[in-house]
Amino acid sequence: MSKIIERSLVVGLDIGTSKISVAVGEITPDNKLSIIGVGNQPARGMDKGGVNDLNLVIQSIQRAVNEAELMADCRISSIYLGISGKHISCQNENGMVPINDNEVTQEDVDNVIHTARSVPISAERRMLHVLPQEYSIDCQDGIKSPIGMSGVRMEAKVHIVTCANDMSKNIVKCVERCDLVADQLIFSALASSYSVLTEDEKELGICVVDMGAGTMDIAVFTGGALRHTAVIPVAGNQVTSDIAKIFRTPLSHAEEIKVRYACALKQLVSMEENIDVPSVGGRPARSMSRHTLSEVVEPRYHELFELIQEEIRESGLADLIAAGFVLTGGTAKMEGVVEFAEEVFQMPVRIGNPLNIEGLKEYVNDPTYATVVGLLHYGMQANEQVNTESKSGEGVKDLWSRVHAWFKGEF
């Protein structure tokens, strides 16, 4: 534990449907994020972001953590934890308060956010994030930072992300059984946005889609703020399943064929290229055309892109994402995905690799690490905020404000 304090480390844990990733980042003196350790293990006991078998998940987490500890030469005790699954939902809410002393203070901002988040949510749900979108003071709208401004009444718009309490408890239980503390649960697509998006894209309007094995996590930004989040419980495993059924090959081989040879757009594949497909039950392997493989894969990707498109259309934000789409996660890595997505969405599309990192870049320079590196960025910003607050507030006043917040229910 002493090493963590000395070296100012932050650790992210992404528990996916197909793999578990741990990344250890060191915050350098010039406030940059340097990757110093990575652990990666196949996920067992997970399905579509939910825990199916507690013991198998615990074993996989422990192995990934051990690997990262060995590489980073540190002892991991607390982590920022990514969460996904079809139980995630979102809502946009408003709050309004009178302004004390005619000038907006941090306390007024805290109060208005508290008012906005005080919406009744059912006992089986838990709030993950309350993210301010913009403020308005009297008749002036679209204010990003209201502190110090004069007015009588302030309103805030916030985006609230909630999850099922039981689902989050199960995933936290797995982490705690590995003797780790989950500092905070972060929605996976929000975490990915921290590592793959630029500020310009968020301002102009962008949709980030984390295409995993079990789920596709969506986050839509416009005007620099998060406007919509969603989880579609269909993803890359469907493609693997199609290959296994149509080519009559075991799932493990179908996954390997998908990763090595599949292409999302059949026109990019030559008719002459052949691949060996292992058979079931000890039968000899068969030779198949790679073009035939693409004919199986393409309709499924078309369906996935249509599901994304439908979600964006229903959110009412389709006309506001001028910067297009950023696809990340393992399912976005396939050849032809960008070209096919641009064809379906009729918008610019790029693959999101983690940005703004130093150190062992080559280990995480891949869309599959977008979420775990995003968790590090998130943790780094959370640490900065805590440090700023502890420096700015005198101890007693700070303690009193925390007690006051606790009584108001902000714990």
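Residues numbered from 1 in each chain as written. Predicted model: local features only at pLDDT ≥ 70, side-chain atom pairs only at ≥ 80, totals over all residues. Heavy atoms only, no water.

Brief notes about the packing of helix 2 (residues 54-72) against helix 4 (residues 165-176)
Then, in step 1: Packing of helix 2 against helix 4 brings their axes to within 9 Å, and their N-to-C directions diverge by 50°. With respect to each other, helix 2 and helix 4 are oriented oblique. Read as a crossing pair, helix 2 and helix 4 show a hand that is right-handed. Two secondary-structure elements touch here, helix 2 through Leu54, Val57, Ile58 and Ile61 and helix 4 through Asn170, Lys173, Cys174 and Val175.
Then, in step 2: The class makeup of the residues in the contact of helix 2 with helix 4 is 6 nonpolar, 1 polar and 1 charged. (Axes fitted to C-alpha atoms, helices over the stretch in contact; angles between N-to-C directions. Helix = DSSP H or I, 4+ residues; strand = E, 2+ residues; numbered from the N terminus. Parallel < 35°, antiparallel > 145°, perpendicular 65-115°, else oblique. Left-handed = near helix turned anticlockwise from the far one by under 90°. Contact = heavy atoms within 4.5 Å. Nonpolar A, V, L, I, M, F, W, Y, C, P; charged D, E, K, R; others polar.)

Focus on the sheet that holds strand 14 (residues 225-232)
Then, in step 1: Strand order across the open sheet formed by 5 strands is 14-13-12-17-18, with mixed pairing between neighbours. For this open sheet the edge positions go to strand 14 and strand 18 (349-351), each flanked by a neighbour on one side alone. Within the sheet, the average angular offset between the axes of one strand and its neighbour, ignoring direction, is 20°.
Then, in step 2: Relative to strand 13 (residues 216-222), strand 12 (residues 206-211) is paired through 6 bridges, and the arrangement is antiparallel. Across the sheet, residue Val209 finds its bridge partner in strand 13, namely Ile218. (Pairing = 2+ DSSP bridges.)

A short note on the confidence of the model for the chain
Then, in step 1: For the chain, the average pLDDT comes to 89, and 92% of its residues sit at 70 or higher.
Then, in step 2: Note that pLDDT drops below 50 for residues 1-5; the model gives that stretch 8 contacts with residues more than four away or on any other chain.
Then, in step 3: Across residues 405-411, confidence stays below pLDDT 50; counting only partners more than four residues off in sequence or on other chains, it has 6 contacts. (pLDDT = per-residue confidence, 0-100.)

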